[in-house]
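A look at the structure
Okay, here's what each chain looks like letter by letter:
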Amino acid sequence: MGFRKKNKSPAVLSHEFVIQNHADMVSCVAMVILLGLMFEVTAKFAVMFITVQYNVTQGLDERAEPVNLYQYGLKDMATVFFYLLIAVILHALIQEYVLDKMNRRLHLSKTKHSKFNESGQLAAFYLISFIWGCSILTAEEFATNPTFLWAGYPHTHMVFQVKFFYICQMAYWLHALPELYFQKVRKEDIPRQLYYICLYVFHITGAYVLNLHRLGLLLLVPHSLVELLFHASRLFYFSDENKQKGFTLWAMLFVIARLVTLTLSVLTFGFGLPRAENQGFSLAEGNFNVLTVRMTCLAAICLTQAWMMWKFINFQLKKWREHSQSQASKVKAISPKSKPHKKDPARGGSANGVGLKSDDKTSPRARKAL
């Protein structure tokens, strides 16, 4: 009985070593930050990474309990960094204990394997974002009072759930950048993923910094639902190619989500904010309600929606061409074809009767032979 061959471990700090052990390395960094809470000297620095900063406690009424509100500042970068580490760890856990096991059962190709992993990770994230965002919206006045989007601007104060939601959103999309290296994403897929990662970071950070978190939250919820449906449909498609009904529903909701996004953006930047009481530009007060900022934000949203619609139309045209080509090939396969006549081996002649004439005893040659 031979000994089982052992795979050689990669060299320490080599590219392969970092890729294979990146989750463990990131976990060690997170543990060091958490251990900082145990010592008085380092506790004040560790708290800056772990807890949400810039707490502003306000008492709306003497008898009522004080409401914990938060602002944003430079220390939020440390908090985003810590939850970026948490996102890397959760990404590795989902990949190893869920997606890799499913990939072994499905036996996908390399291209489908990469897309399956991408959709699996994003489906889990969009599901959490949609549920979390809906829970925040139900507690606020967004649904009953649309003017809540711009009334009282600048919205410098946020409740804990809203601020932590934005912290986690920025941390997740920033963690997606090193994941391109850790997951060995193919070179042809890197530009496509970089485009939407940078767009997410740009828009979410912009809404957070410009105190437009109410509008940003309201736009992220339907967008998360649409993207969740797309990636869930793609997961079902990879498991069974006949399951394509989810893409039809996704196409309908995608167009509706784009219209809702444009409508709310035009309503906020073109109607609501120009009529708000606080007009002007002030970094100290967090007020960015000037024409230049409003038009820049509206143009950025409109251009992004136009780019997404352009990609959507190209995707649908590509699918339509593939479907028409497959239908044409099926019609050609079903249509009858003229088949050449074959020789009958039992009679030694062809099926059209030519071979039978040579054996016909009534022919002149046969009579002479007789």
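Everything numeric in this text was worked out from a predicted model, so none of it was measured.

How each quantity is defined
Residues numbered from 1 in each chain as written. Predicted model: local features only at pLDDT ≥ 70, side-chain atom pairs only at ≥ 80, totals over all residues. Heavy atoms only, no water. Salt bridge = Lys/Arg side-chain N within 4 Å of Asp/Glu carboxyl O. Helix = DSSP H or I, 4+ residues; strand = E, 2+ residues; numbered from the N terminus. Buried < 20%, exposed > 50% of the residue type's maximum accessible area, 1.4 Å probe, protein only. Contact = heavy atoms within 4.5 Å. pLDDT = per-residue confidence, 0-100. Axes fitted to C-alpha atoms, helices over the stretch in contact; angles between N-to-C directions. Parallel < 35°, antiparallel > 145°, perpendicular 65-115°, else oblique. Left-handed = near helix turned anticlockwise from the far one by under 90°. Nonpolar A, V, L, I, M, F, W, Y, C, P; charged D, E, K, R; others polar. Phe/Tyr/Trp six-rings, centres within 6.5 Å; stacked < 30°, edge-to-face > 60°. Lys NZ or Arg CZ within 6 Å of the ring centre and 35° of its normal.

Counting across every chain of the model gives six salt bridges. Among the ionic pairs, K184 bridges to E16, the shortest N-O distance being 3.1 Å. Here K184 is found in the loop between helix 5 (160-182) and helix 6 (190-209), whereas its partner E16 is found in helix 1 (residues 15-35), with 168 residues between them in sequence. Here K184 falls in the partly exposed class, since its relative accessible area comes to 49%. A salt bridge links E188 to R186; the shortest N-O distance between them is 3.2 Å. Residue R186 is classed as partly exposed on the basis of its relative accessible area, which comes to 26%. Taken together, the shared-partner salt bridges connect E118, R192 and R234 into one network.

Time to look at the side chain of Q95. Looking at where Q95 falls in the secondary structure, it is placed in helix 3 (residues 76-106). Apart from the residues within four sequence positions on either side, Q95 is in contact with D100, N117, Q121 and Q183.

Looking now at the confidence of the model for the chain. Taken as a whole, the chain shows an average pLDDT of 85; of its residues, 85% reach a score of 70 or greater. The least confident element of the chain, judged by mean pLDDT, is helix 10 (residues 354-358) at 42; the most confident is helix 5 at 96. This stretch, residues 1-6, has a pLDDT under 50; its non-local contacts, to residues over four places away or in other chains, come to zero contacts. Contacts for the low-pLDDT stretch residues 344-361, under 50 throughout, to residues beyond four places or in other chains number 14 contacts.

For the rest of this paragraph, the subject is unusual backbone geometry. In this structure, the amide linkage connecting Y153 to the following residue, P154, adopts the cis form with an omega of 10°. The phi angle at K184 is positive, at roughly 55°, despite the residue not being glycine. Unlike most non-glycine residues, N211 shows phi in positive territory, near 60°. Structurally, the position occupied by N211 is in the loop between helix 6 and helix 7 (213-239).

Where helix 4 (residues 110-139) contacts helix 5, the axes come no closer than 11 Å and their chain directions differ by 165°. Considering their axes alone, helix 4 and helix 5 lie roughly antiparallel with respect to each other. Between helix 4 and helix 5 lies a crossing of left-handed hand. Residues Q121, L122, F125, Y126, S129, W132, G133 and I136 of helix 4 touch helix 5, and the partners they reach there are Q161, V162, F164, F165, C168, Q169, Y172 and W173. Its residues placed into classes, the contact of helix 4 with helix 5 shows 11 nonpolar, five polar and no charged.

Summed over the entire model, instances satisfying the criterion amount to 32 aromatic pairs. Geometrically, the ring pair formed by F160 and F164 is stacked, given 5.6 Å between the ring centres and 10° between the ring planes. With F160 and F164 both in helix 5 and four residues apart, the pair spans about one turn of that helix. Owing to a relative accessible area of 36%, F160 belongs among the partly exposed residues under this scheme. Take F164: its relative accessible area is 18%, and that puts it in the buried class. Pairing W250 with F312 gives two aromatic rings, centres 5.4 Å apart and planes at 70°, and the pair type is edge-to-face. Of this pair, W250 sits in helix 8 (residues 245-272) while F312 sits in helix 9 (residues 291-334), placing them 62 residues apart in sequence. Across the pair, F312 and W250 agree in class, each one buried. Put simply, the rings of Y70, Y72, F82, Y83, W132, F160, F164, F165, Y166 and Y208 pair up and form one aromatic cluster. A cation sits over an aromatic face here: R258 above F254, 4.7 Å from the ring centre. Residue placement shows K319 over the ring face of Y237; its charged tip is 5.9 Å from the ring centre.

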